[in-house]
Amino acid sequence: MSESKNIWNGYGLRGNPFNPDPLQVYGGALPIEESFIGREEEFKQITKHIHSNNTSRILIYGNIGIGKTTFANYVRFESQNDYFTPLGELGVQYDWTPQDFMFNTVQYVYSTIERNESIREKFNPDILQELKVLFGSERGIQTGIGANAFGFGITSTKGKQFAPQPTNPHALKLLFQEVLDEIQHIGYKGTIIHYNNLELIQDKGENQLISIMNGIRDFLQVEGAHFLFVSETSFFELFHQIPRIEGIFKTPILLTAFTPQEIKKILEKRVSLLRISSDITPINPVDDETLEILYDLYEGNLRGILRSLDCAINNIESATPTQINPMILKYTLYHFSNNRFVTNLNATEKKVLNKILEKKETTNKNLCEAFGMLPQNVAPILTNLRDIGAIRLARTEAQKRFYSPSQEALWLKLNPTLNTPLNPFFKKK
Ligand SMILES: Nc1ncnc2c1ncn2[C@@H]1O[C@H](COP(=O)(O)OP(=O)(O)O)[C@@H](O)[C@H]1O
Ligand SMILES: [Mg+2]
């Protein structure tokens, strides 16, 4: 799958309609304005939160691959004439402290202002200078927070001496407030900040989450900013347990799976947007029955469906462009997953993997009960299956760890029956 083939022109397309990446705010082969489908209610809800307040904090949550990042990007795209927003989303890192959170936020806002000439020209030069000294390349702090990042002693190029900036959260908040006020002053209604993948924080346990959220609570209440927090469902469950934080948030927005009709529409739209020219009719790269099979396998999860189609089409052995049908789908994906995960497993590992494939979530204890094994014998198998990417840790609850099949391991469920004739399109590895 890693070798890059240029197959799409043969289908009459300019690019890959199965690209599983989020739609971007700016540009891309699939422009968000035309590629984005559905979510009308959620969009109404979120724009109401934003338009009827001068400041807000909004949690967007749902399962991985359901369309959260794309949704937040769409909100930013649709708001960009009225609301200032940093060029990209802020990817939350698992080891962020509250200071990292705040520092990176202000830095990202600054870096966008600095690169946008029409904004830069209107912006109060004193504030710009202050930001430049703190966050600009002159300080060499582009890589985030260095150990020295909070000891700023500052001289402006105009020769005016700024007092050394205090490095505490309160000072960062004041500076941020100044910037947000100026953004409104030059004509924007406000600023939208998008934090992505918040769930990464809980990797270090729920105490870290609580301490971070408490540490940024004041910062999040600046006027003129709307904070979109994008996160997996597991994070929402934790978040729910911190009333002091939950209290400053609007009603969270849950994103659920698309309907089969929406998925079909999304793919049709992609194919039509990617067509080479209006006088060439593209080959539809997948049939409806295949989409139904994948819809059931992934319970409507769009990224799972797209990744499956992407892998299947790259493993078709055919000189001419071929539409994916259920037979091709099963052969390519089953064999791909089998080669990748199963062939190197011993009998016990296979047994455990099969058991995990049966259910949405499985714990060590479930496996002990099923096979009469000891926890200490199951643990290394789980570690190995996780290392090779066959299973993933879905969530932890107190001491319990819940495992789920990875998206690729689910292809093992597509096992073509033994009496199906050999598929001529399957590329042997
Ligand atoms: N509303 C939508 N319309 C069209 N495509 C979408 C939509 N939402 C998500 N997608 C596509 O689905 C895939 C997964 O979306 P993504 O935003 O990355 O999910 P998440 O952030 O929840 O993991 C991406 O390829 C994205 O382009
Ligand atoms: Mg995402």
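Under an unreviewed UniProt entry, the chain has the name Orc1-like AAA ATPase domain-containing protein and belongs to Candidatus Iainarchaeum sp.

Caption draft 1: Just the overall build of the chain, in detail. Tallying secondary structure elements over the chain gives 17 helices and 8 strands in all. A buried classification covers 51% of the 429 residues belonging to the chain. Put simply, 76% of the contacts in the chain that link residues at least 6 apart link residues at least 24 apart. Of the roughly 20,700 Å² of accessible surface on the chain, 48% is carried by carbon and sulfur atoms.

Caption draft 2: Examining the pairing of strand E4 (residues 190-196) more closely. For E4, the tally of buried residues reaches 7 of 7 residues, placing the bulk of the element in the interior. Side chains Gly190, Ile192, His194 and Asn196 project from E4 onto one buried face, and the interleaved Thr191, Ile193 and Tyr195 project onto a second face that is buried too. Taken together, the 2 bridges between strand E2 (residues 83-84) and E4 define a ladder with parallel strand orientation. Residue pairing in the sheet places Tyr83 in a bridge with Gly190 of E4.

Caption draft 3: Structural view of the environment of Ile46. Within the secondary structure layout, Ile46 lies in helix H2 (residues 40-51). For Ile46, a relative accessible area of 0% puts it in the buried group. Considering only alpha carbons, one finds Ile46 and Leu59, 13 residues apart in sequence, at a separation of 9.8 Å. For Ile46, the contacting residues outside a window of four places in its chain are Ile58, Ile60, Phe71, Val75, Leu228 and Ile253.

Caption draft 4: Inspection of the pattern of salt bridges at higher detail. Taken as a whole and assessed by the stated rule, the structure comprises 9 salt bridges. Between Arg307 and Glu408 there is a salt bridge; the shortest N-O distance is 2.3 Å. Linking Arg307 in helix H13 (residues 302-314) with Glu408 in the segment after strand E8 (400-405), this pair joins segments that are 101 residues apart in sequence. Each of the salt bridges in this network shares a partner with another, and the network as a whole consists of Lys264, Glu268 and Asp288.

Caption draft 5: Geometry of the packing of H13 against helix H14 (residues 326-342). Here H13 crosses H14 at 95°, and the two axes come no closer than 9 Å. With respect to their mutual orientation, H13 and H14 come out roughly perpendicular. Mapping the contact onto sequence places Ser308, Cys311 and Ala312 in H13 and Leu329, Thr332, Leu333 and Phe336 in H14. Of the residues that constitute the contact of H13 with H14, the class distribution is 5 nonpolar, 2 polar and no charged.

Caption draft 6: Fine view of the nonpolar core. Formed by 77 residues in total, the largest nonpolar core has its most connected members in Phe18, Ile46, Leu228, Leu309, Ile324, Leu353 and Leu385. When residues are assigned to domains, this core turns out to be shared by domain 1 (39-254) and domain 2 (345-429), each giving three or more. Setting aside residues no more than four positions away along its own chain, Leu228 makes contact with Ile46, Ile50, Ile58, Ile60, Ala72, Val75, Ile192, Ile193, His194 and Tyr195. In terms of nonpolar packing, the next biggest core, distinct from the first, is built from 50 residues, Val106, Phe176, Ile193 and Leu209 among them.

Caption draft 7: Main features of helix H8 (residues 206-216). Buried within H8 we find Gln208, Leu209, Ile212, Met213 and Ile216. Considered in projection along H8, the buried side chains sweep an arc of 125° and stay on one side of the axis.

Caption draft 8: Here's a closer look at the packing of aromatic side chains. One pass over the full model with this rule turns up 16 aromatic pairs. When the centroid spacing of 5.9 Å and the interplanar angle of 70° are considered together, the rings of Phe84 and Tyr188 count as edge-to-face. Of this pair, Phe84 sits in strand E2 while Tyr188 sits in the loop between helix H7 (169-185) and E4, and the two are 104 residues apart along the sequence. Taken together, the ring pairs connect Trp96, Phe101, Phe176, Tyr195, Phe219, Phe227, Phe229 and Phe249 into an aromatic cluster. Between Arg395 and the ring centre of Phe402, over which it is positioned, the NZ or CZ distance is 4.0 Å.

Caption draft 9: View of the site of ligand 1. Taken together, 22 residues lie near ligand 1, and Gly65, Lys68, Thr69, Thr70 and Arg303 sit nearest. One of the backbone nitrogen or oxygen atoms of Asn19 is found 3.3 Å away from an oxygen atom of ligand 1. For ligand 1, whose free accessible area comes to 560 Å², the fraction covered by protein is 98%. The site holding ligand 1 turns out to be the second largest pocket. Secondary-structure elements contributing two or more residues to the shell around ligand 1 are helix H3 (68-79), helix H11 (260-274) and H13.

Caption draft 10: Layout of the side chain of Glu408. We classify Glu408 as buried; its relative accessible area is 10%. Sequence-distant contacts of Glu408, that is, excluding residues within four places in its chain, are made with Arg307, Ser337, Arg340 and Phe341.

Caption draft 11: Examining the layout of surface pockets more closely. The computed volume of the second largest pocket comes to approximately 420 Å³. Taken together, 25 residues make up the lining of the second largest pocket; nearest its centre are Pro22, Gly65, Ile66, Gly67 and Thr70. When contributions to the lining of the second largest pocket are tallied by element, the ones reaching two or more residues are H3, H11 and H13. Partitioning the lining of the second largest pocket into residue classes produces 11 nonpolar, 7 polar and 7 charged.

Caption draft 12: Here's a closer look at the packing of H11 against helix H12 (residues 288-298). As a packed pair, H11 and H12 sit with axes 11 Å apart at the nearest point and diverge in direction by 125°. Comparing their axes, H12 and H11 come out oblique. In this structure, the crossing between H11 and H12 has a hand that is right-handed. Taken together, the residues of H12 that come into contact with H11 (itself represented by Pro260, Ile263, Lys264 and Leu267) are Asp288, Leu291 and Tyr295. Residues of the contact of H11 with H12, tallied by class, amount to 5 nonpolar, no polar and 2 charged.

Conventions adopted
Residues numbered from 1 in each chain as written. Chains lettered and ligands numbered in written order. Predicted model: local features only at pLDDT ≥ 70, side-chain atom pairs only at ≥ 80, totals over all residues. Heavy atoms only, no water. Helix = DSSP H or I, 4+ residues; strand = E, 2+ residues; numbered from the N terminus. Buried < 20%, exposed > 50% of the residue type's maximum accessible area, 1.4 Å probe, protein only. Contact = heavy atoms within 4.5 Å. Areas by Shrake-Rupley, 256 points an atom, 1.4 Å probe, with all protein chains shown as cover. Pairing = 2+ DSSP bridges. Salt bridge = Lys/Arg side-chain N within 4 Å of Asp/Glu carboxyl O. Axes fitted to C-alpha atoms, helices over the stretch in contact; angles between N-to-C directions. Parallel < 35°, antiparallel > 145°, perpendicular 65-115°, else oblique. Nonpolar A, V, L, I, M, F, W, Y, C, P; charged D, E, K, R; others polar. Core = buried A, V, L, I, M, F, W, Y, C linked by side-chain atoms within 4.5 Å. Domains from an automatic or database assignment. Arc of directions from axis to C-beta. Phe/Tyr/Trp six-rings, centres within 6.5 Å; stacked < 30°, edge-to-face > 60°. Lys NZ or Arg CZ within 6 Å of the ring centre and 35° of its normal. Near = heavy atom within 4 Å. Polar contact = N/O pair within 3.5 Å; in protein donor to acceptor, adjacent residues only side chain to side chain. 1 Å grid on protein atoms, 1.4 Å probe; cavity = no way out; pocket = protein on both sides within 12 Å on 5 of 7 lines; lining within 4 Å. Sits in = over half its atoms within 2 Å of the grid points. Points joined across faces, edges and corners; volume = space filled by probe spheres on them. Left-handed = near helix turned anticlockwise from the far one by under 90°.

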